[in-house]
Structure formats: structure tokens, C-alpha cells
Amino acid sequence: MIKKIIFGLFPVIFLTGFTITYDVEIEDGKVNEKLTVIEEDVNLAKEENEVGESFEDISKMYGSSYDLYTSFYNLYADNPDISECISNCSIYDKEYIDDGNRVGFILSHTFSFKDYGDSSLANEIIPGFQTILDDKTLQIKSGSSWNFVNGYDNLEKLEINLKTTYEVDKVNGKKKSNKYTWTINRDSTQNIIPLSIVLNIKNEDNKESNVPLWLIILLLVLVLGIIIYYFFQKRKQENSI
């Protein structure tokens, strides 16, 4: 059965300490998004609330049987029969996590640049979420009010990670290795600047290279060495005639 809401149920779900990680990877004209919700204490995950539900129970539902529209428009469309979806009726891929040390679930989907602005998860997780697409750039923006994070007593933090193979024209996230990160900690949601990133998508030549610089230099030295060796051997043969 297709469900219409997800984060409206969070007050019921999250009775334990937990983290939300929202990962976005942008490459080859696609946006791959993944939401990971994890409780690191298995015992807490099994504790039931006043209506007899545990974090483990809800994680099983979201990770196994709960079908969620990827389209934010469809998610909240005023349609009494939610089985009658008109367009873009895809649902998120889901995975339940229980490895003995942690409990949680993962939701993921791949969007085109054009459709990413209608992402259910992005619109729920990122306040004032907006994408702007033209022939040259893809811009991703947010609003500045992250106070919803404080609405969940045991939410440790919300972390947004973005990786891309495209050239980054502007970004205000903190760069860690090959990704940009925005971290919103509980009780520290005031004066957070709006999320902003601008990618140059004009053509494939604008992609950032994933090949390490040292490897490129090594290959150039190797090619140069082969060329020098070839001419040295040729000159040696000519002199021996």
C-alpha cells in the first residue's frame, strides 16, 4: 500500500537517540539520494512507546513494507484514493537494517536533474528546498529555519552530504574529503546559513576529475620515458650501421 506521509510519523517513531543522514550524489545527469535513519543502541530500539510500537517495529515497516512516493506532489496530493496516481508514481527503494549492533532503515532513489526538485525526502528534510536548473547550472538551495530538528527530543543531528563529479562553482558546505557536508545539531539551529550549491553542468568536460594528480603525472612520466627510450634505441641502431 502506498503511504502519503513519512515525517508526520516521526514523533511516534523516534523515542530513542538517533541520527539522520541524507546523502546526495550527483553525476552523469542524475541525482542519487539516500536517507539513512539509525539507532545505535539495539536495546533502546526495542523499547515500546505508549501505543506499543518500538523503533525496531517502525524501522521494519519503513525498510520493508512501507511504500513511499518519490514525488512530493503525489505524497501530499489531495486525492482520496491514493492508489490512483496520475504521473510519476515511483516509490522509494527501501532497506531494513538490523546487524546486531544497530537498527534502522534506508530509503533511496535516483532522479533526473529536472525531477529532483520534486523529491519527497529533500522537501521533507531540507526546509525551503529548491532547485534551479538551466542549460549551464544546477542550483540547490534551502531556507534558513531548521527548528524542526528540535521537535524530536532524541534526534542527535541531521547531516547532509553531497558528492559530485561536476565542477562546483559555489558552495557553502564544509568540504570533507570528496564531499560537502552540512551538519545541523540539536539546540544549535539558530543562525544557520541557508544551504547553497551551484554546479556547472554545461557539458561533460566540466566534470571534476576523479583521477589523482599523482597518477596523471606518473603516466606522463612513463609515456615520456617510453618515447625517450624508443629514440635512444633508434639512434643506437643507426650509429651501429
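See the structure shown above.
Keep in mind it's a predicted model, so treat the numbers as computed, not measured.

Asker: Pulling in residues and values, what's your account of helix H3 (residues 55–65)?
Answerer: Those residues of H3 that sit buried are Phe 55, Glu 56, Ile 58, Ser 59, Tyr 62 and Gly 63. The arc enclosing the buried residues of H3, seen along the axis, measures out at 165°, which places them on a common side.

Asker: Any chance you could break down the pairing of strand E5 (residues 93–98) for me, citing the residues and the numbers?
Answerer: The pairing of E5 with strand E6 (residues 103–112) spans six bridges and is classified as antiparallel. Looking across to E6, one finds that Tyr 96 is bridged to Phe 105. Counting the residues that bridge the hairpin from E5 to E6 gives four residues, and of these Gly 100 lies at a positive phi of roughly 90°.

Asker: Could you give me a rundown of the nonpolar core, with the residues and numbers involved?
Answerer: Core analysis: the largest hydrophobic core is formed by 43 residues, its most contacted members being Tyr 22, Ile 26, Tyr 116, Ile 125, Ile 140, Ile 160 and Leu 199. Per-element tally for this core: the top contributor is strand E2 (residues 18–27), with five residues.

Asker: Outline unusual backbone geometry, listing residues and values.
Answerer: Positive phi, normally seen in glycine, also occurs at Asp 28, with a value near 50°. Relative to the helices and strands, Asp 28 resides in the loop between E2 and strand E3 (30–39).

Asker: Tell me about the packing of aromatic side chains, residues and numbers included.
Answerer: This model, assessed by the stated rule, comprises five aromatic pairs. Judged by centre distance (5.3 Å) and plane angle (80°), the rings of Tyr 116 and Phe 129 are edge-to-face. Highlighted residues: Tyr 116 in the loop between E6 and helix H5 (120–125) and Phe 129 in the loop between H5 and strand E7 (130–133), separated in sequence by 13 residues. With respect to class, Tyr 116 is no different from Phe 129; both count as buried. Here a set of aromatic residues connected by ring pairs shows up, and it is made of Tyr 62, Tyr 66 and Phe 105.

Asker: Please provide a residue-by-residue account of the pattern of salt bridges, values included.
Answerer: For side chains of opposite charge, pairing can occur when their charged atoms come near one another. Evaluation of the coordinates by the stated rule reveals three salt bridges. Here Glu 56 ties to Lys 46 by a salt bridge, and the two come within 2.9 Å at their closest N and O atoms. Placement of the pair is Glu 56 in helix H3 and Lys 46 in helix H2 (residues 42–46), with a sequence separation of ten residues. The partly exposed category is assigned to Lys 46, whose relative accessible area is 43%. Linking Asp 99 and Arg 102 is a salt bridge whose minimum nitrogen-to-oxygen distance equals 3.1 Å. On the basis of relative accessibility, which here comes to 44%, the residue Asp 99 falls in the partly exposed class.

Asker: Break down the environment of Lys 46 for me, citing the residues and quoting the values.
Answerer: Along the chain, Lys 46 and Glu 56 lie ten residues apart, while their C-alpha atoms are 5.6 Å from each other. Leave out the neighbours within four places in its chain, and Lys 46 touches Ser 54 and Glu 56. Within the structure, Lys 46 has its side chain in polar contact with the side chain of Glu 56 (distance 2.9 Å).

Asker: Describe in detail the side chain of Ser 71, supporting the description with residues and values.
Answerer: Relative to the helices and strands, Ser 71 is located in the loop between strand E4 (67–68) and helix H4 (72–75). Taking relative accessible area as the criterion, Ser 71 reaches 2% and is therefore assigned buried. Looking at Ser 71, its side chain comes within polar contact range of the side chain of Asp 118, at 2.5 Å.

Asker: Describe a nonpolar patch on the surface, with residues and values.
Answerer: Together, Leu 213, Ile 216, Ile 217, Leu 220 and Val 221 make up a nonpolar patch on the protein surface, roughly 490 Å² of accessible area in all. Here Leu 220 lies in helix H6 (residues 213–240).

Asker: Could you give an account of the sheet that holds E7, naming the residues involved and the relevant values?
Answerer: Spatial strand order, E7-E8-E13-E10: four strands in an open sheet with antiparallel pairing. Since the sheet does not close on itself, it has two edges, and those belong to E7 and strand E10 (167–171), each with one partner. If you compare each strand with its neighbour and ignore which way they point, the axes differ by 15° on average. Bridge analysis of E7 against strand E8 (residues 137–141) gives four bridges, and the strand direction is antiparallel. Bridge pairing in E8 links Thr 131 to Ile 140.

The rules we used
- Residues numbered from 1 in each chain as written.
- Predicted model: local features only at pLDDT ≥ 70, side-chain atom pairs only at ≥ 80, totals over all residues.
- Heavy atoms only, no water.
- Buried < 20%, exposed > 50% of the residue type's maximum accessible area, 1.4 Å probe, protein only.
- Helix = DSSP H or I, 4+ residues; strand = E, 2+ residues; numbered from the N terminus.
- Arc of directions from axis to C-beta.
- Pairing = 2+ DSSP bridges.
- Core = buried A, V, L, I, M, F, W, Y, C linked by side-chain atoms within 4.5 Å.
- Phe/Tyr/Trp six-rings, centres within 6.5 Å; stacked < 30°, edge-to-face > 60°.
- Salt bridge = Lys/Arg side-chain N within 4 Å of Asp/Glu carboxyl O.
- Contact = heavy atoms within 4.5 Å.
- Polar contact = N/O pair within 3.5 Å; in protein donor to acceptor, adjacent residues only side chain to side chain.
- Patch = residues over 30% accessible without salt bridge, like charges linked within 9 Å, V, L, I, M, F, W, Y side chains within 5 Å.
- Areas by Shrake-Rupley, 256 points an atom, 1.4 Å probe, with all protein chains shown as cover.
- Axes fitted to C-alpha atoms, helices over the stretch in contact; angles between N-to-C directions.

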